[in-house]
Number of protein chains: 2
Amino acid sequence: MDKNEEKQREEEREQVVSPWEVSSSGKIDYDKLIDKFGCQRLDQSLVDRVQRLTGRPPHVFLRRGVFFAHRDLNDILDAYEKGEKFYLYTGRGPSSEALHLGHLVPFMFTKYLQDAFKVPLVIQLTDDEKCMWKNLSVEESQRLARENAKDIIACGFDVTKTFIFSDFDYVGGAFYKNMVKVAKCVTYNKVVGIFGFTGEDHIGKVSFPPVQEMIYKAVPSFPSSFPHLFSGKDHLRCLIPCAIDQDPYFRMTRDVAPRIGYHKPALIESSFFPALQGETGKMSASDPNSAIYVTDSAKAIKNKINKYAFSGGQESVELHRKLGANLEVDIPVKYLSFFLEDDAELEHIKKEYGAGGMLTGEVKQRLAKVLTELVERHQVARAAVTDEMVDAFMAVRPLPNMFD
Amino acid sequence: MDKNEEKQREEEREQVVSPWEVSSSGKIDYDKLIDKFGCQRLDQSLVDRVQRLTGRPPHVFLRRGVFFAHRDLNDILDAYEKGEKFYLYTGRGPSSEALHLGHLVPFMFTKYLQDAFKVPLVIQLTDDEKCMWKNLSVEESQRLARENAKDIIACGFDVTKTFIFSDFDYVGGAFYKNMVKVAKCVTYNKVVGIFGFTGEDHIGKVSFPPVQEMIYKAVPSFPSSFPHLFSGKDHLRCLIPCAIDQDPYFRMTRDVAPRIGYHKPALIESSFFPALQGETGKMSASDPNSAIYVTDSAKAIKNKINKYAFSGGQESVELHRKLGANLEVDIPVKYLSFFLEDDAELEHIKKEYGAGGMLTGEVKQRLAKVLTELVERHQVARAAVTDEMVDAFMAVRPLPNMFD
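Residues numbered from 1 in each chain as written. Chains lettered and ligands numbered in written order. Predicted model: local features only at pLDDT ≥ 70, side-chain atom pairs only at ≥ 80, totals over all residues. Heavy atoms only, no water.

Superposition record for chain A on chain B: RMSD 0.0 Å, screw rotation 180°, translation along axis 0.0 Å. Read as a symmetry element, the transformation amounts to a two-fold axis. Among all C-alpha atoms of chain A, that of A:Gly172 lies closest to the rotation axis, at 2.0 Å. In this assembly the copies share their binding face: 100% of the residues contributing to the interface of chain A also contribute to that of chain B. (Least-squares fit on C-alpha atoms with pLDDT ≥ 70 in both. Contact = heavy atoms within 4.5 Å.)

Okay, structure coming up:
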């Protein structure tokens, strides 16, 4: 291997973002990701336009750049401005019992989009995929899907506009036909191209999991997959809120869509919610101390933040007073920028902390309070979600008022 | 390659019988196939037992050895003798409009089994698989499935005991869950072992088509795949009439069955209906002159038999009178042994023709009459099959009298 090759490889190693791997030697460079994936930056003028069209302030995730990239959001808004509604599609692979805050991000944002645009929403629970790849039984996968559905419902979705479905229950009929249609459109070369495989990659990579997952996830982008909702509405547009790592999957979906008679789904894409230990990737399900879970107690939250949240503060109080915190790498500030809604207070904290007037302990204390309130609110809401409510959200039924 | 290896390869080349290839340099050696596959010979004592248990003469395909092999048929009969019923499962991949006589063989035999044992029957139409692998659209695959269903119904199945389903319509729910369960039980090594692949075979072979087809075909062997029929009857046994080339698929199914809580399905397996040109394999869909189609006219049948049916007769009348016909390779006699029901007449023809007293032309004339009657009977029956009847057979419904 010559020097140039070596350098290139090193650069490639530096930042890997794909649906099955997110890793980086430092902070993830989201600008680079936009260039690499070929999506568009979600700039201030677009945020302003959303505010104008919906007549309400943009969600904190939107105005603070958590959702920072998109594909064809302009087209969705153009159509919306002309009176044409769309539908939202998001989903979750129910592989674990308890969700962490990172899992809540897309659902909190989707709830805002549903309320702001007054549009229907389909939420896919890929229990079939988790059963296949995570060594869970069918029964256990479906149990987890229902448990996760309770957390999702607790985010406040409108049952008259929302259809939650488990693949195990819903795959079949129109949905299954679209699965086969999509599968027939995806060539080997396309898969290799989208995922950056080479001919030397092992079979496992190019064969089942990614291809299959792409197909599962593509199908809800096509309105005909939901005849009980969108019969005769094949031209209805679809907007998918998701994390940026899902972009390659939906690039394939967007490639296939016009070939089988649908609009390309639009995307609105978020950065990753960082792990407590620092912003070098997504949180790891295998390390419970890397994340705050929606089931954590106030005490657990406080302990985790104090013990594990990576601080940008200086080593000693003296040094900190002098130099101030490095806000770029500080997790408490990062978390507050997701969940502290008061813009003025956030600015105040950043200013004081950055200048050394505020200490890490104080910021962590504020964060613990914000997250405890958030988690306790979620726990109360979740406890109120009955099995009957889950059944209601998951019933295959028309939603007569979904566009009102 | 040394001499021994060469010889071995030649022997292997001689006879290849798998779900995707049937070829042989001479007549297929069915005894060898029984040994290779490890199934059992369906001997006279078993035929007698079927006759005794059902109280009716065994079907001509049974008493003349067309269905010549089985797996666990004894277990099915033991249970039946104790008053325990079973269900039949057969199917078809609807890749072409018109069926030929070879296609009818399993359905004619299944119809006899249903009548004789008074048991329910499920018939799978794998339109999804044909759509995927034969470059047919979803709509065209489903149209062919319904067209084929008409031919199947024309074989005389009892609508109160028979459920015909298209995968496109029926995959989902319990069926889909069983698909995933089966898929999870099939290891790469199992696939390699069953199909005789090696590590050097190309990806295409070990990846999608055979594995997927195995899964599609396995699932109807499990009663829970049909909750509208067999709810609470997880211990119901299943008997599958099929051609011997399907044995490897169902070997996998039988391997999986006990691991997910079901009886191994029993098999009753037929030899191949030979092509007009001679008994070296199955008929080819790509050569219309290799087979008699159920849509053929009397004239076409007569022409095809006269022109293409491979004769065991001698080159000249003189020689024929002297040596007689070689019945072992004679297609008209072979076809008569499938479809001429009168045992005495068949024996007479074989004796006379074999001794040279009867000429090829006379035997062909008799065969043309037998097949024309069969085909015309089928055409009349098929013309009477309405779309409403197809809907009735394919409706997902309970069959309250299916065991009567």
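Continuing now.
Okay, the sheet that holds strand S6 (residues 121–125) of chain A next. Residue and element names in this part refer to chain A. Reading across from one edge, S3-S4-S9-S8-S5-S6-S7 is the order of the 7 strands in this open sheet, with mixed pairing throughout. In this open sheet, the two edge strands, each paired with only one partner strand, are strand S3 (40–41) and strand S7 (162–166). Examined bridge by bridge, S6 and S7 share 5 bridges and lie parallel to one another. Residue pairing across strands places Gln124 opposite Phe165, the latter belonging to S7. Seen against the sheet, helix H5 (residues 73–81) touches strand S4 (67–71), strand S5 (86–92), strand S8 (237–243) and strand S9 (266–270) and runs at an angle of roughly 140° to S8. Contacts from helix H21 (residues 387–394) reach S6 and S7, with the element oriented near 95° to S7. (Pairing = 2+ DSSP bridges. Helix = DSSP H or I, 4+ residues; strand = E, 2+ residues; numbered from the N terminus. Axes fitted to C-alpha atoms, helices over the stretch in contact; angles between N-to-C directions.)

Residue and element names in this part refer to chain A. Splitting chain A by domain gives domain 1 (28–276) and domain 2 (298–383). Here the C-alpha centroids of domain 1 and domain 2 sit 31 Å apart. The partner domain 2 presents 22 residues to the 19 residues of domain 1 that form the contact. Buried surface at the junction of domain 1 and domain 2, both sides included, amounts to about 1,800 Å², of which 65% is carbon and sulfur. On the domain 1 side of the contact with domain 2, Arg64, Leu101 and Leu276 bury the most area, a combined 39% of that side's loss. Where domain 1 packs against domain 2, one counts 4 salt bridges. Among the salt bridges present, the one from Arg382 reaches Glu147, with a minimum N-O distance of 3.0 Å. (Domains from an automatic or database assignment. Buried area = accessible area lost by both parts, 1.4 Å probe. Salt bridge = Lys/Arg side-chain N within 4 Å of Asp/Glu carboxyl O.)

All names here are of chain A. With 5 of 5 residues buried, S4 lies mostly within the body of the structure. Both S4 and S9 contribute to a ladder of 4 bridges, which runs antiparallel. Its bridge partner lying in S9, His70 is registered against Ile268. (Buried < 20%, exposed > 50% of the residue type's maximum accessible area, 1.4 Å probe, protein only.)

On to the pattern of salt bridges. According to the stated counting rule, one finds 52 salt bridges over all chains in the structure shown. Residue B:Lys130 is joined to B:Glu129 by a salt bridge in which the shortest nitrogen-to-oxygen separation is 4.0 Å. The two residues B:Lys130 and B:Glu129 agree in class, both being buried. Taken together, the shared-partner salt bridges in this structure form one network comprising A:Arg146, A:Glu147, A:Lys150, A:Asp151, A:Arg382, A:Asp387 and A:Asp391.

In terms of burial, helix H15 (residues 247–256) of chain A is largely enclosed, as 8 of its 10 residues are buried. Residues A:Asp247, A:Pro248, A:Tyr249, A:Phe250, A:Met252, A:Thr253, A:Arg254 and A:Val256 constitute the buried set of H15(A).

Here the focus is the packing of aromatic side chains. Inspection of every chain in the model, using the stated rule, returns 56 aromatic pairs over all chains. Ring geometry for A:Phe163 against A:Phe165: centres 5.5 Å apart, planes inclined by 20°, an arrangement best described as stacked. In this structure, A:Phe163 and A:Phe165 share a single accessibility class: buried. A ring pair is formed by B:Phe165 and B:Phe226, whose centres lie 5.4 Å apart and whose planes are at 65°; its orientation type is edge-to-face. Here the residue B:Phe165 occupies a position in strand S7 (residues 162–166), and B:Phe226 occupies one in the loop between helix H13 (208–218) and helix H14 (227–230), the gap between them amounting to 61 residues. (Phe/Tyr/Trp six-rings, centres within 6.5 Å; stacked < 30°, edge-to-face > 60°.)

Low-pLDDT stretches of the model should not have their predicted coordinates read in fine detail. Per-residue confidence for chain A gives a mean pLDDT of 89, with 88% of residues at or over 70. Summarising per-element confidence for chain A, the mean pLDDT is lowest in helix H12 (residues 203–206) of chain A (48) and highest in H21(A) (98). (pLDDT = per-residue confidence, 0-100.)

So, on to helix H8 (residues 138–153) of chain B. Residues and elements named next belong to chain B. Compared with an ideal rise of 1.5 Å per residue, which puts 16 residues at 22 Å, H8 spans 22 Å between its outermost C-alpha atoms and is within 8% of the ideal. Counting buried residues in H8 gives 12 out of 16 residues, a clear majority hidden from the surface. Here H8 has its buried residues at Val138, Ser141, Gln142, Leu144, Ala145, Glu147, Asn148, Ala149, Lys150, Asp151, Ile152 and Ile153. (Expected span 1.5 Å × (residues − 1).)

Let us look at the nonpolar core. The tendency in soluble globular proteins is for nonpolar side chains to be buried as a group. Judged by nonpolar contacts, the single largest core of 88 residues is most densely connected at A:Val122, A:Val182, A:Phe226, B:Val122, B:Val182 and B:Phe226. Contact partners of A:Val122, with chain neighbours within four places excluded, come to A:Tyr87, A:Leu88, A:Tyr89, A:Thr90, A:Phe163, A:Phe165, A:Pro220, A:Phe226, A:Leu229 and A:Phe230. (Core = buried A, V, L, I, M, F, W, Y, C linked by side-chain atoms within 4.5 Å.)

With that out of the way, let us pick up the environment of B:Lys299. Residues and elements named next belong to chain B. Checked against the element boundaries, Lys299 lands in helix H16 (residues 298–308). Since its relative accessible area comes to 64%, Lys299 is described here as exposed. Placed 68 residues apart in sequence, Lys299 and Ser231 show a C-alpha to C-alpha distance of 50 Å.

We now examine the interface of chain A and chain B. With 24 residues of chain A at the contact, the number on the chain B side is 24 residues. Taking both sides of the interface into account, the surface hidden between chain A and chain B amounts to around 2,000 Å²; carbon and sulfur atoms contribute 66%. Summed over the three residues of chain A that lose the most area to chain B, namely A:Tyr176, A:Lys177 and A:Lys184, the buried surface amounts to 30% of that side. Applying the counting criterion to the chain A and chain B interface returns 4 salt bridges. With a closest N to O distance of 3.2 Å, B:Lys181 and A:Glu139 form a salt bridge. For the pair chain A and chain B, the number of links is 14 residue pairs in polar contact (both at pLDDT 80 or more). Examining the composition of the side of chain A that touches chain B, we find that 7 residues originate from one element, helix H10 (residues 173–185) of chain A, more than from any other. Class assignment for the residues of the side of chain A that touches chain B results in 12 nonpolar, 5 polar and 7 charged. (Polar contact = N/O pair within 3.5 Å; in protein donor to acceptor, adjacent residues only side chain to side chain. Nonpolar A, V, L, I, M, F, W, Y, C, P; charged D, E, K, R; others polar.)

What follows deals with the sheet that holds strand S3 (residues 40–41) of chain B. Pairing between the strands of a sheet comes from backbone hydrogen bonds, and it takes one of two forms, parallel or antiparallel. Residues and elements named next belong to chain B. Taken in spatial order, the 7 strands make up an open sheet running S3-S4-S9-S8-S5-S6-S7, and their pairing is mixed. The strands lining the two open edges of the sheet, one partner per strand, are S3 and S7. Helix-sheet contacts for helix H6 (residues 101–117) involve strand S4 (67–71), strand S5 (86–92), strand S6 (121–125), S7, strand S8 (237–243) and strand S9 (266–270), and the interaxial angle to S5 is about 165°.

Residues and elements named next belong to chain B. Helix H20 (residues 360–383) packs onto helix H19 (residues 343–354) with a crossing angle of 160° between their chain directions and a minimal axis gap of 10 Å. As judged from the angle between their axes, H19 and H20 are roughly antiparallel. Two packed elements cross with a definite hand, and for H19 against H20 that hand is left-handed. Counted together, Glu345, Ile349 and Tyr353 of H19 and Thr360, Val363 and Arg366 of H20 form the full contact between these two elements. Split by residue class, the contact of H19 with H20 holds 3 nonpolar, 1 polar and 2 charged. (Parallel < 35°, antiparallel > 145°, perpendicular 65-115°, else oblique. Left-handed = near helix turned anticlockwise from the far one by under 90°.)

Assignment of secondary structure puts B:Asp78 in helix H5 (residues 73–81). Measuring from C-alpha to C-alpha, the distance between B:Asp78 and B:Leu53 comes to 9.9 Å, with 25 residues separating the pair along the chain.

A separate point is the pairing of S5(B). All names here are of chain B. Within S5, 6 of the 7 residues are buried, which leaves the element mostly enclosed by the surrounding structure. Sheet topology places S5 next to S8; 3 bridges connect them, and they run parallel. Paired with Phe86 across the bridge in S8 is Arg237. Of the strand pairs in this sheet, S5 and S6 are connected by 5 bridges, and their pairing is parallel. Bridge pairing links Leu88 to Leu121 in S6. Handedness of the crossover joining S5 and S6 through H6: right-handed. (Right-handed = clockwise from strand over helix to strand, strands pointing away.)

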